[in-house]
Amino acid sequence: MSTKQFDVVVIGGGPGGYIAAIRAAQLGFNAACIDEWKNEKGGPAPGGTCTNVGCIPSKALLQSSEHFEHAKLHFADHGITADNVAIDVAKMIGRKNTVVKQNNDGILYLFKKNKVSFFHGRGSFVAAKDGLYEIKAGEEVILAKHVILATGSNARQLPGAPFDEVNILSNDGALNIADVPKKLGVIGSGVIGLEMGSVWRRLGAEVTVLEGLPTFLGAVDESVAKEAAKLFKKQGLKIELGVKIGEVKSAKDGVTVAYTDAKGAAQTLAVDKLIISIGRVPNTIGLNPEAVGLKLDERGAIEVDGDCKTNLPNVWAVGDVVRGPMLAHKAEEEGVAVAERIAGQHGHVNFNTIPWVIYTSPEIAWVGRTEQQLKADGVEYKAGQFPFLANGRARALGDTNGFVKFLADAKTDEILGVHIIGPMASELISEAVVAMEFKASAEDIARICHAHPSLSEATKEAALAVDKRTLNF
Ligand SMILES: Cc1cc2nc3c(=O)[nH]c(=O)nc-3n(C[C@H](O)[C@H](O)[C@H](O)COP(=O)(O)OP(=O)(O)OC[C@H]3O[C@@H](n4cnc5c(N)ncnc54)[C@H](O)[C@@H]3O)c2cc1C
C-alpha cells in the first residue's frame, strides 16, 4: 500500500487545528487532521481542550448553576414559587457531557462535509525528506507538504501538589466533581479559577480563592476589576490576594493549604476539594520535535514569527502552543490565517481586537486597551461610562449590575478600548470589536440606531458619554 500524501496535515484537533484543516480543505487542499483526544469509550473526541475540558463544558455548567441560583434567589421576584429547589449533580454533569459529545460529533461531521481526512491517534514527526514531512498518524505513517501544529496546552502544575483529579483538581476534575463540596479552595484568580469557583459557589459550596498577585484581575480595566471584586464579595466568594502558597497536603477527607497572607501571617485553608488554576503550559508532548529540528522557546512554546511560521520550511504553529493569549477564538483566527497564507493569500489576525470574556455573573468582557494601559502609554483619551441600572432592558431582566465603559482618543475620537461588566457582556462586546476593527470613533457608535429595549443601548449610551451627552442617565 502506498503512503498517503497530503498538501496540509494538521496535528491537533482543537479550535486552532480543526478550523485550520477545514479552511485548508475549503481552499482546495487535500487536508488531514490528527487528534488523539479519546472519549470515555476510547473513540475520537475532536475539539481539544476547548470542547472537552474547557470553553464548552465550563459554559454548560455555568448555565446549569446559574439556573439553580436564579430558581433559589430570583424566581420569587417574578412571582414564581419554587420550593425545595435541589440540584442533581450527576444529571447536570451528564447534560454537560452530552453538550460536549454534540460538539465532538459536530466536528467529525464537519470533517466529512469538507473532505478532511481524520486520523485518531498521536501525530509525531518522523523525518523530513525530499521536501516532505513524514508523520506518524496513530498507527499509520503519512506524508505532508505543509504541517500546521496545533497541539494546545495543559494545566500548569503547582510544584508539590500534583493533580490527582479527586482532591486536587485541574480544570478537568473541576468540571466533574460528583457532589457539591462543602468547602472548595481555588488557587489562582484568573478566568478559569473564577469561572469554576462561580459554578460550585452557586451550587452551595463555600469558595475561597487564593491569589499570589497583590491586585485582583490585573489585566482587566481597573474600574471593572474593582466593580467585580465588590460584586463577587457580595455573592459570598472569598478572595485573598497577595498570598504565598506553602505546603499543600491531600488526605482522604480533603486538602489543607498552608499559606502566608498578604500581611505575612501564616494561615491554613482546609477544604474538601482544591482547584489549581495557575495558568497553562504549551503542549508539545509526543510531537517529537527533535526528529526535524523544530525550535521551541524558553517557555516550551513552539517558536513562531508574526505569521505563525516556525523555523522549519512549510511548518506552521497556531493557538495555545505558540505565543499570545490562550483563547479559542485567537487559535481559530490563526488557523484560518495560516491556511490562507499557505494558499498564497494574506491571512490576517489583529491582536489589538481580540476580545476577552470572563463568564462570571455578571460577565466581564473587553477589547482593546485598559485605562491603566493608556496612562502608561501616555495616550490622551476621553472616557465615557453608562450603568446598566439606567438601562430599561436590564431592569426588565432584573440584572442591573455593572456598566459599559468606552475609552476614545482625545483628539481623533477613535475607540481605543471598550470594557463591559454586566449582563450578556460576552455578546455585547462583539459590537465593540467590529467598531474597533473598522477604526470607528465613539461618535460613530453614538449615532447608530440600537434596538429598544436592549442591553446594547447601554453601549450606545457609553459612547455618548464620551462626549458627555448621555440621554438616559
Ligand atoms: C476550563 C477552561 C475554560 C476555558 N474557557 C474558554 C473560553 O470561554 N473562551 C476561550 O476563548 N478560551 C477558553 N479556554 C481556553 C481554550 O480552551 C484554549 O485557548 C483553546 O482550546 C486552544 O485551542 P488549541 O487548538 O490551540 O488547543 P487545544 O484546544 O488544547 O487542542 C489541542 C488538541 O491537540 C491534541 N494533541 C496534542 N498533541 C497531539 C499530538 N502529538 N498528536 C495528536 N493530537 C495531539 C490534543 O489532544 C487536543 O485535542 C478555556 C480553557 C479552560 C481550561
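Quick caveat: nothing in here was measured; it's all calculated off a predicted structure. (Residues numbered from 1 in each chain as written. Predicted model: local features only at pLDDT ≥ 70, side-chain atom pairs only at ≥ 80, totals over all residues. Heavy atoms only, no water.)

**Q** Looking at this model, I keep getting lost on the packing of aromatic side chains. Mind explaining?
**A** Remark: the centre distance and the inter-plane angle together describe each pair of aromatic rings, the angle taken between the planes. Tallied over the full model, the rule gives 6 aromatic pairs. Ring geometry for F111 versus F118: centroids 5.5 Å apart, planes at 25 degrees, classification stacked. The class for F111 is buried, based on a relative accessible area of 2%. Seen from their ring centres, W356 and W366 are 5.7 Å apart, and the 5 degrees between their planes marks the pair as stacked. Remark: W366 occurs in strand β19 (residues 363-368) and W356 occurs in strand β18 (residues 356-358); sequence separation between them is 10 residues. Using a relative accessible area of 29% as the deciding quantity, one classes W356 as partly exposed. (Phe/Tyr/Trp six-rings, centres within 6.5 Å; stacked < 30°, edge-to-face > 60°. Buried < 20%, exposed > 50% of the residue type's maximum accessible area, 1.4 Å probe, protein only. Helix = DSSP H or I, 4+ residues; strand = E, 2+ residues; numbered from the N terminus.)

**Q** I tried to follow the site of the ligand on my own but got confused; where do I start?
**A** Taken together, 39 residues lie near the ligand, and D35, T49, K59, G123 and D320 sit nearest. One of the side-chain nitrogen or oxygen atoms of T49 is found 2.7 Å away from an oxygen atom of the ligand. Contacts to the ligand include C50, whose backbone N or O atom sits 3.3 Å from an oxygen atom. Of all the elements in the fold, those that place two or more residues in the shell around the ligand are α1 (15-26), β2 (31-35), α2 (48-53), α3 (55-74) and α8 (328-342). With 4 residues, α2 is the largest single contributor of residues to the shell around the ligand. Class assignment of the residues belonging to the shell around the ligand gives a composition of 15 nonpolar, 18 polar and 6 charged. (Near = heavy atom within 4 Å. Polar contact = N/O pair within 3.5 Å; in protein donor to acceptor, adjacent residues only side chain to side chain. Nonpolar A, V, L, I, M, F, W, Y, C, P; charged D, E, K, R; others polar.)

**Q** What's the story with the domain arrangement of the protein chain in this structure? I'm lost.
**A** Bring the parts together and some accessible area is lost; that lost area is often taken as the interface size. Splitting the protein chain by domain gives domain 1 (5-155 + 281-349), domain 2 (168-278) and domain 3 (353-466). On a C-alpha basis, the centres of domain 1 and domain 2 stand 28 Å from each other. With 18 residues of domain 1 in contact, the opposing surface of domain 2 contributes 17 residues. For the pair domain 1 and domain 2, the summed buried surface comes to about 1400 Å²; carbon and sulfur atoms form 64% of the total. Sorting the residues of domain 1 by area buried against domain 2 places V53, L62 and V89 first, and these three jointly supply 32% of that buried surface. Where domain 1 packs against domain 2, one counts 2 salt bridges. When the shortest N-O distance is used, the salt bridge between K59 and E195 registers 2.8 Å. Inspection of the domain 1/domain 2 interface yields 7 residue pairs in polar contact (both at pLDDT 80 or more). Those elements that place two or more of their residues in the side of domain 1 that touches domain 2 are α3 and α4 (89-113). Here the side of domain 1 that touches domain 2 takes 9 residues from α3, the largest share from any one element. Looking at side-chain class alone, the side of domain 1 that touches domain 2 contains 10 nonpolar, 4 polar and 4 charged residues. (Domains from an automatic or database assignment. Contact = heavy atoms within 4.5 Å. Buried area = accessible area lost by both parts, 1.4 Å probe. Salt bridge = Lys/Arg side-chain N within 4 Å of Asp/Glu carboxyl O.)

**Q** How do you make sense of the pattern of salt bridges when you look at a structure like this?
**A** Oppositely charged side chains can form a pair if their charged atoms are brought close together. Per the counting criterion, the structure on display carries 22 salt bridges. With a closest N to O distance of 2.8 Å, E36 and R122 form a salt bridge. Remark: R122 occurs in the loop between β3 (117-120) and β4 (123-129) and E36 occurs in the loop between β2 and α2; sequence separation between them is 86 residues. A salt bridge links D377 to R369, with the nearest nitrogen and oxygen atoms 2.9 Å apart.

**Q** Got a minute to help me understand the side chain of N171 in this structure?
**A** With respect to the helices and strands, the residue N171 is situated in helix α5 (residues 171-174). Engagement of the side chain of N171 in a polar contact is seen with the backbone oxygen of V53, the distance being 2.7 Å. Of note is the side chain of N171, whose polar atom sits 3.3 Å from the side chain of R280. With near-sequence residues (within four places) excluded, N171 lies in contact with V53, A155, I192 and R280.

**Q** Got a minute to help me understand the sheet that holds strand β11 (residues 238-240) in this structure?
**A** Paired through backbone hydrogen bonds, the strands of a sheet run either parallel or antiparallel to each other. Strand order in the open sheet formed by 5 strands is β8-β15-β9-β10-β11, with parallel pairing between adjacent strands. Each edge of the open sheet carries a strand with a single partner, namely β8 (168-169) and β11. Where strand β9 (residues 183-187) lies against strand β10 (residues 206-210), 5 bridges are found, and the strand directions are parallel. Looking across to β10, one finds that G185 is bridged to T208. (Pairing = 2+ DSSP bridges.)

**Q** Can you walk me through the packing of α3 against α4 in this structure?
**A** When two helices pack together, their arrangement is given by the angle between the helix axes and the distance between those axes. Put simply, α3 and α4 touch, their axes get as near as 9 Å, and they point 145 degrees apart. Seen from above, α3 lies across α4 with right-handed handedness. Here I56, P57, A60, L61 and S64 of α3 lie close against α4, whose contacting residues are M92, I93, R95, K96, V99, V100 and N103. Along the lines of polarity and charge, the residues of the contact of α3 with α4 split into 8 nonpolar, 2 polar and 2 charged. (Axes fitted to C-alpha atoms, helices over the stretch in contact; angles between N-to-C directions. Left-handed = near helix turned anticlockwise from the far one by under 90°.)

**Q** Help me understand the environment of I364 in this model?
**A** Residue position: I364 is located in strand β19. Residue classification places I364 among the buried residues on the basis of a relative accessible area of 0%. In this structure the C-alpha to C-alpha distance between I364 and E139, which are 225 residues apart in sequence, comes to 44 Å. In this structure I364 touches L217, V220, V224, A228, F232, W356, V357, I358, I420, I421 and A425, once residues within four positions along its chain are discounted.

**Q** It is not clear to me how the nonpolar core should be interpreted in this structure. Could you clarify?
**A** Nonpolar side chains in soluble globular proteins tend to be buried together. Judged by nonpolar contacts, the single largest core of 36 residues is most densely connected at W200, L217, V220 and I364. Taken together, the elements giving at least two residues each to this core come down to α3, α4, β9, α6 (191-202), β10, α7 (222-235) and β19. Ranked by residue count, the leading element in this core is α7, at 5 residues. Those residues in contact with W200 that lie beyond four places of it in its chain are V89, M92, A174, I177, V180, P181, L184, A205 and V207. (Core = buried A, V, L, I, M, F, W, Y, C linked by side-chain atoms within 4.5 Å.)

**Q** Would you mind going over the state of the cysteines with me for this structure?
**A** A covalent bond between the sulfur atoms of two cysteines is what we call a disulfide. Evaluated as defined, the whole model comprises 0 disulfides. No disulfide involves C33; its sulfur sits 14 Å from the nearest other cysteine sulfur, which is in C50. Left unpaired, C55 is separated from the closest cysteine sulfur, that of C50, by 3.1 Å. (Disulfide = S-S within 2.5 Å.)

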